[in-house]
Amino acid sequence: MSSKIIAMAADHGGYELKSILKDALVQLGYEVLDLGTDGPAAVDYPDFAALMADAIRRDAAAFGVLVCGTGIGISMAANRYPEVRAALVHDAFTARLSRQHNDANVVCFGGRTIGSEVAKDCLKIFLETRFEGGDRHSRRVAKLNCLPK
Ligand code: RB5
């Protein structure tokens, strides 16, 4: 699996931002695995979180991007899956720390709550920031992996 493949999924509250972020990723040289949805018809965000978890589990993508109206529902759903560490981010600081401290592998946005330029900035930072590792963060992330889902 190439670290240049990014999976994306959204519900109807997030498909427009997903499309903007998809274009930005392609411009940055990433390959996108687009899991839908692609229009305004109402869908259920847990279904798209499930598709994302499956892509991460199969190692079909290095990282994932999820978008719903607020980012809340889809991040809650995604974090039910053991292979996913999903972070709802709002700014450069939370995007950076979600990687440095939490080793997040899926970044979530609210399509109705964040501006597209801020989201693009967050996404670039998320993808370019490494997990700091070390005893402290590795121990905590390992404990996350042991929690009941
Ligand atoms: C859909 O209307 C909306 O509830 C959903 O996109 C999301 O915001 C849920 O958390």
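Residues numbered from 1 in each chain as written. Predicted model: local features only at pLDDT ≥ 70, side-chain atom pairs only at ≥ 80, totals over all residues. Heavy atoms only, no water.

A. Structural context of the overall build of the chain. Across its full length, the chain carries six helices and five strands. Seen in sequence order, the chain has helices and strands lined up from the N terminus as β-α-β-α-β-α-β-α-β-α-α. Once the C-alpha set of the chain is aligned to its principal axes, its extents read approximately 45 × 30 × 30 Å. Looking at the chain as a whole, 48% of its 149 residues are labelled buried. A separation of at least 24 residues holds for 70% of the contacts in the chain among residues at least 6 apart in sequence. Working note: accessible area of the chain is about 7,500 Å², and carbon and sulfur atoms make up 52% of it. Where the 18 positive side-chain charges of the chain centre and where its 18 negative ones centre are 7 Å apart. (Helix = DSSP H or I, 4+ residues; strand = E, 2+ residues; numbered from the N terminus. Buried < 20%, exposed > 50% of the residue type's maximum accessible area, 1.4 Å probe, protein only. Contact = heavy atoms within 4.5 Å. Areas by Shrake-Rupley, 256 points an atom, 1.4 Å probe, with all protein chains shown as cover. Lys, Arg positive; Asp, Glu negative; His and termini not counted. Charge placed at Lys NZ, Arg CZ, Asp CG, Glu CD.)

B. Representation of helix α1 (residues 15-27). Its 13 residues give α1 an end-to-end C-alpha distance of 18 Å, which sits within 8% of 18 Å, the value for a rise of 1.5 Å per residue. For α1, the complete set of buried residues consists of Tyr15, Leu17, Lys18, Leu21, Ala24 and Leu25. For α1, the secondary structure elements touched by its buried residues are β1 (5-10), β2 (31-34), β3 (63-68), β5 (106-110) and α5 (116-128). Once α1 finishes, Gly29 follows within two positions and takes phi at roughly 95°, a positive value. (Expected span 1.5 Å × (residues − 1).)

C. Geometry of the pairing of β1. Of all six residues in β1, six are buried; the element is thus mostly enclosed. Of the two faces of β1, the one carrying Ile5, Ala7 and Ala9 and the one carrying Ile6, Met8 and Ala10 are both buried. Across four bridges, β1 lies against β2 in parallel orientation. Its bridge partner lying in β2, Ile6 is registered against Val32. With α1 bridging β1 and the parallel β2, this β-α-β connection has right-handed handedness. (Pairing = 2+ DSSP bridges. Right-handed = clockwise from strand over helix to strand, strands pointing away.)

D. Spotlight on the side chain of Asn105. Along the chain, Asn105 turns up in the loop between α4 (92-100) and β5. Asn105 gets classed as buried once you look at its relative accessible area, which sits at 10%. Only 2.8 Å separates the side chain of Asn105 from the backbone nitrogen of Arg85, close enough to count as a polar contact. Among residues more than four places away in sequence, those in contact with Asn105 are Ile56, Ala62, Phe63, Gly64, Glu83, Val84, Arg85 and Phe126. (Polar contact = N/O pair within 3.5 Å; in protein donor to acceptor, adjacent residues only side chain to side chain.)

E. The site of the ligand, seen in detail. Neighbouring the ligand are the residues Asp11, His12, Tyr45, Cys68, Gly69, Thr70, Gly73 and Arg112. Backbone polar atom of Gly69 to an oxygen atom of the ligand: 2.7 Å apart, as the coordinates give it. Here an oxygen atom of the ligand sits 3.0 Å away from a polar atom, N or O, in the main chain of Thr70. Taking 290 Å² as the accessible area of the ligand by itself, protein coverage stands at 70%. Taken together, the residues that form the shell around the ligand break down as two nonpolar, four polar and two charged. (Near = heavy atom within 4 Å. Nonpolar A, V, L, I, M, F, W, Y, C, P; charged D, E, K, R; others polar.)

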